[in-house]
Amino acid sequence: LFVADSLSNSRKGFAYLAKAIQQLEDKEVLLCAVGKLDASIKGMERVRALGSITDERVMSLAYNAADAFVIPSLMDNLPNTVLESLACGTPVIGFPVGGIVDMVQPGTNGMLTSEISVQALAKTIESYLDGDMQFDRSHISAQAKAKYDQHIQAKAYHSLFASLMDEENTTSYV
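Scope of this entry: the structure provided in the associated data block.

Rules used throughout
Residues numbered from 1 in each chain as written. Predicted model: local features only at pLDDT ≥ 70, side-chain atom pairs only at ≥ 80, totals over all residues. Heavy atoms only, no water. 1 Å grid on protein atoms, 1.4 Å probe; cavity = no way out; pocket = protein on both sides within 12 Å on 5 of 7 lines; lining within 4 Å. Points joined across faces, edges and corners; volume = space filled by probe spheres on them. Helix = DSSP H or I, 4+ residues; strand = E, 2+ residues; numbered from the N terminus. Buried < 20%, exposed > 50% of the residue type's maximum accessible area, 1.4 Å probe, protein only. Contact = heavy atoms within 4.5 Å. Salt bridge = Lys/Arg side-chain N within 4 Å of Asp/Glu carboxyl O. Pairing = 2+ DSSP bridges. Right-handed = clockwise from strand over helix to strand, strands pointing away.

1. Regarding empty space enclosed by the protein
Scanning all chains against the criterion turns up one cavity of 30 Å³ or more. Counted as a void, the largest cavity has a volume near 50 Å³. L86, M103, Q105, N109, I140, Q143, A144, K147 and Y148 are the residues that line the largest cavity.

2. Focus on the side chain of S85
The residue S85 is located in helix α3 (residues 80-87) in this model. On the accessibility criterion, S85 (0% relative accessible area) is buried. In contact with S85, other than residues within four places in its own chain, are Y63, F69, T90, P91 and V92.

3. Observations concerning the side chain of T113
For T113, the location among the structural elements is in the loop between β6 (110-112) and α5 (118-129). A relative accessible area of 5% places T113 in the buried class. Aside from chain neighbours lying at most four places away, what touches T113 is G94, F95, P96, A120, L121 and T124.

4. Some details on the pattern of salt bridges
The tally for this structure, following the rule as stated, stands at four salt bridges. Taking the shortest distance from any N to any O, the salt bridge between D76 and K12 comes out at 3.1 Å. Of this pair, D76 sits in the loop between β4 (69-71) and α3 while K12 sits in the loop between β1 (2-6) and α1 (14-23); the two residues are 64 residues apart in sequence, bridging distant segments of the chain. K12 carries the same exposure label as D76, and that label is buried. In this structure, the salt-bridge partner of D55 is R57, at a minimum N-O distance of 3.9 Å.

5. Considering the pairing of β1
The two faces of the sheet receive side chains in turn, since in a regular strand these alternate between them. With four of its five residues buried, β1 lies for the most part within the structure. Note that β1 and strand β2 (residues 31-36) share three bridges and pair parallel. Bridge pairing links F2 to A33 in β2. Handedness of the crossover is the feature at issue here: the chain leaves β1, passes through α1, returns alongside β2, and the resulting connection is right-handed.

Structure representation (structure tokens):
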């Protein structure tokens, strides 16, 4: 599964993924792509465009139906799509950029490529498909909820702000 606001948003790396999927000639692979379509996807073998999905329940079904979520973003902060995938228990395969590195724990909840390239992405997807690592979907989901639950995040922000305020109040200015 691939998800982005638009498949033509080059920053999201769909072009890398489409080429990587084509390199997996001996594998039975179907890539489902969620997002605003563009003309370049027409006629792509092994890719099914699902269009934009705005219903959270339908999106959850898509994550749950997928064997893996692939995020070949070339730059990203803390992508909600990774959080959504993990919350559904779906392993994540991604490029080692931005917040993806902080969220994906190789071997536990997904896999990271060795570099940003079509070849590295194809190799990592192939490794996943070959079963080189086994993932426990219920563990992935439980771990994501324990780490990213909004109440836990709110407490962490509160603690951070409180510590910053304490530092500011104890700092003497010259």
